[in-house]
Amino acid sequence: INNTNLALPLLRLVNPLRVEFGEKDRESDTVREMKFYISAAGIKRVTISSPGGAIGKGGGGCAAARRFPGRTLILFLLMLAIILPFIFVRFAFLVLESPSVCDSPLDCMGLRLFRGGDTSLKIREELTRALVEETSQDGNRRGEKGSLESFDELVKEMTLKRRDIKTFASVTKKMLLQMERKVQSAKHHELLYWHLASHGVPKCLHCLSLRLTEEYSVNAMARTRLPPPESVSRLTDPSFHHVVILTDNVLAASVVISSTVQNAVNPDKFVFHIVTDKKTYTPMHAWFAINSALSPVVEVKGLHQYDWPQEVNVRVKEMLEIHRMIWRRHYQNLKDSHNSFIEVVQRDLSSLWETDLNGNVVGAVVDLWCGSNCCPGRKYKDYFNFSHPLISSNLLQDDCAWLSGMNVFDLKAWRQTNITEAYSTWLRLSVSSGLQLWQPGALPPTLLAFKGLTQPLDPSWHVAGLGSRSVKPPEEILKSAAVLHFSGPAKPWLEISNPKVRSYWYRYINSSNIFVRKCKIMN
């Protein structure tokens, strides 16, 4: 409507579906009306009218049918009335949120105004990109110092200095790398200290060996023959129960024999053969000579005292040298004491000699107390290198290795096999293969030599791994087991041992013994 005389606009809302506009003519004092009829489908009809039925002074009927050219403007104004409140609220949120997410409110508005508010996706993308860039620029800066020490310091750094995403990624990565280095260093030191603690000889045991050696030199009783002449015939009598103990620990040998005798129904049926090294022979002999009244027949012999044929001596020397080579290659010539057989006997073992081995040579516990084929840390893959064809063609990596330390041997059946030759052959194959067939230790070649010649025993006969931190059998299993084996580095006389199982071992030490008291072993 371009008439300049229509200068007084009037607006009234008649109902939700009809809007009427009116203007008053100052000269004629008349009012003209413009009516909009609005439905869900849009404007249906526009009517412009006046009391005289015409527009202005000389308007005719044709003017009433003219289309109103401002209807698009009216629709736009209506849409703005609806949208503007939403835009205002959204912009307010962006302004409040921008300090922690965007570089500026305008940046937030431009990037996210019409993106549905998915800030987490944008942050993730920017953080990933920043981390990738930081990694590509990192180079050899893994040893760089000066990173933050804790999460609290990281939060303070980000909030007070208002860092951007890239800086956050850089600072966080440096902090995580430093923490990773600290964790790795702590694990390394833990293994080192654990190794030193397990290989060290406690003062009390060192004291015991020195005092017994002194006793051997000054006390004729400590040098008496073992066993006494009247019991020598038992050493080769197959009607007795013969127990062979391989150890260089006097106290350990004493506990094994003491616990076996105390829990035996007929102790006189047992004959013990202790095999030790040259340096331990003197204190070992003195201990059992002085305490002979507490034990049945005991024989103590050092390896240097065996009168073997020259061929056997050569094989033994070859075996020892190959094992030393394997240890030098894997552990820089560290001596292994983790596999020493420290055991406690809790019930009568006599029935073991009545076990039917079904033509096999050795009887051993295969499955543990946890169930069939349950042997955590003791599968063949834990001992052997299955990437080598000599191993993968002879063994299955998920089979359980039988437990050493408490075994029953049929010596007659052994003599009818070639186990000794097979053992030596595997040692030589290990050398020719670059010492890469198995992990250090005497058990892996033994498993190969006795393959197919093992009879499984009931798991209750032998509970092993009590010197390891990972093995924690239930209390009822410990109490019902015939033999408790402290295999692993945490021997019961060490402070790193488990106090819960240590008591099973110490109960068989004679606390009234003069040497035990002087060396304060029970302390």
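Remember, predicted model here, so these are calculated numbers, not experimental data. Numbering of residues starts from 1 in each chain and follows the order in which that chain's sequence is written. In keeping with the model being predicted, local features are shown solely for residues with a pLDDT of at least 70 and side-chain atom pairs are shown and tallied solely at 80 or more, while totals for entire chains, interfaces and linings include all residues. To obtain the side-chain values, all non-hydrogen atoms of the structure were used and water was disregarded.

**Student:** So what's going on with the pattern of salt bridges? Residues and values would help.
**Tutor:** Salt bridges, as used here, are contacts in which a Lys or Arg side-chain nitrogen is within 4 Å of a carboxyl oxygen on Asp or Glu. Enumeration according to the criterion identifies eight salt bridges in this entry. Taking the shortest distance from any N to any O, the salt bridge between glutamate 421 and arginine 315 comes out at 2.5 Å. With a gap of 106 residues between them, glutamate 421 in helix α12 (residues 419-432) and arginine 315 in helix α9 (residues 310-331) connect regions that are remote in the sequence. Taking the relative accessible area as the measure of exposure, glutamate 421 reaches 31% and is therefore partly exposed. A run of H or I in DSSP counts as a helix once it spans at least four residues, and a run of E counts as a strand once it spans at least two, with each numbered from the N terminus. Relative accessibility under 20% of the residue-type maximum defines a buried residue, over 50% an exposed one, and the middle range a partly exposed one, all with a 1.4 Å probe and only protein chains included.

**Student:** Give a description of a nonpolar patch on the surface that names residues and reports values.
**Tutor:** Residues enter patches when their relative accessible area tops 30% and they take part in no salt bridge; the joining distance is 9 Å for like charges and 5 Å for the nonpolar side chains Val, Leu, Ile, Met, Phe, Trp and Tyr. All accessibility values rest on the Shrake-Rupley procedure with a 1.4 Å probe; residue burial counts only the protein chains present in the view. On the surface, a nonpolar cluster with roughly 470 Å² of combined accessible area is contributed by Met79, Ile82, Ile83, Leu84 and Ile87. Here leucine 84 is to be found in helix α1 (residues 71-101). You can call leucine 84 partly exposed: its relative accessible area is 47%.

**Student:** How would you explain the state of the cysteines if you had to name every residue and give the values?
**Tutor:** A disulfide bridge is the covalent bond that connects two cysteines by way of their sulfur atoms. We call a pair of cysteine sulfur atoms a disulfide when they lie within 2.5 Å. In total, this model carries two disulfides according to the counting rule given. Paired by a disulfide, cysteine 207 and cysteine 519 hold their sulfur atoms 2.1 Å apart. Taking the sign of the S-S torsion, -75° for the link of cysteine 207 and cysteine 519, the bridge is left-handed. With cysteine 207 in helix α6 (residues 203-218) and cysteine 519 in the segment after α16 (514-518), this residue pair connects regions lying 312 residues apart in the sequence. The same class applies to cysteine 207 and to cysteine 519, which are both buried. There is a disulfide in this structure between cysteine 375 and cysteine 400, and the S-S distance comes to 1.9 Å. Measuring handedness by torsion sign, the sulfur bridge of cysteine 375 and cysteine 400 sits at about -85° and is left-handed. Here cysteine 375 is found in the loop between β9 (362-365) and α10 (389-392), whereas its partner cysteine 400 is found in the loop between α10 and β10 (408-409), with 25 residues between them in sequence.

**Student:** Pulling in residues and values, what's your account of the packing of α6 against helix α8 (residues 278-290)?
**Tutor:** Helix-helix packing is described using two parameters, namely the angle between the two axes and the distance between the axes. Axis definition: a line fit to C-alpha positions, over the contact stretch in the case of helices; interaxial angles, taken between N-to-C directions, run 0 to 180 degrees. Running from amino to carboxyl end, α6 crosses α8 at an angle of 75°, the nearest separation of the two axes being 8 Å. By the angle between their axes, α6 is roughly perpendicular relative to α8. Between α6 and α8, the contacting residues are Leu208, Ser209, Leu212, Thr213, Glu215 and Tyr216 on the first element and Tyr281, Thr282, Pro283, His285, Ala286, Trp287 and Ile290 on the second. For this classification, Asp, Glu, Lys and Arg are treated as charged, while Ala, Val, Leu, Ile, Met, Phe, Trp, Tyr, Cys and Pro are nonpolar and the rest, including Gly, are polar. Of the residues that constitute the contact of α6 with α8, the class distribution is eight nonpolar, four polar and one charged. Oblique is the label for any angle not under 35 degrees, not over 145, and not in the 65 to 115 range, which are roughly parallel, roughly antiparallel and roughly perpendicular in turn. Any pair of residues with heavy atoms lying within 4.5 Å of one another is described as a contacting pair.

**Student:** For the sheet that holds strand β7 (residues 297-302), give the residues involved together with the corresponding values.
**Tutor:** Strands pair, by our definition, only if DSSP identifies at least two bridges between them. Strand order in the open sheet formed by three strands is β5-β6-β7, and the pairing between neighbours is parallel. Of all strands in the sheet, those with a lone pairing partner are β5 (241-246) and β7, marking the two edges. Direction aside, the axes of adjacent strands within the sheet are offset by 20° on average. In terms of strand pairing, β5 meets strand β6 (residues 270-276) through six bridges, oriented parallel. Counted as the bridge partner of histidine 242 is valine 271 from β6. Its contacts with the sheet put α8 on β6 and β7, and the angle it makes with β7 is roughly 160°.

**Student:** Now, about the sheet that holds strand β12 (residues 462-463): what can you tell me, with residues and values included?
**Tutor:** The mixed open sheet is built from three strands, whose spatial order is β8-β13-β12. The open sheet is flanked by β8 (343-345) and β12, the only strands paired with a single partner. Bridge count between β8 and strand β13 (residues 483-485): three bridges; the pairing is antiparallel. Its bridge partner being in β13, glutamate 343 is matched across the sheet by histidine 485.

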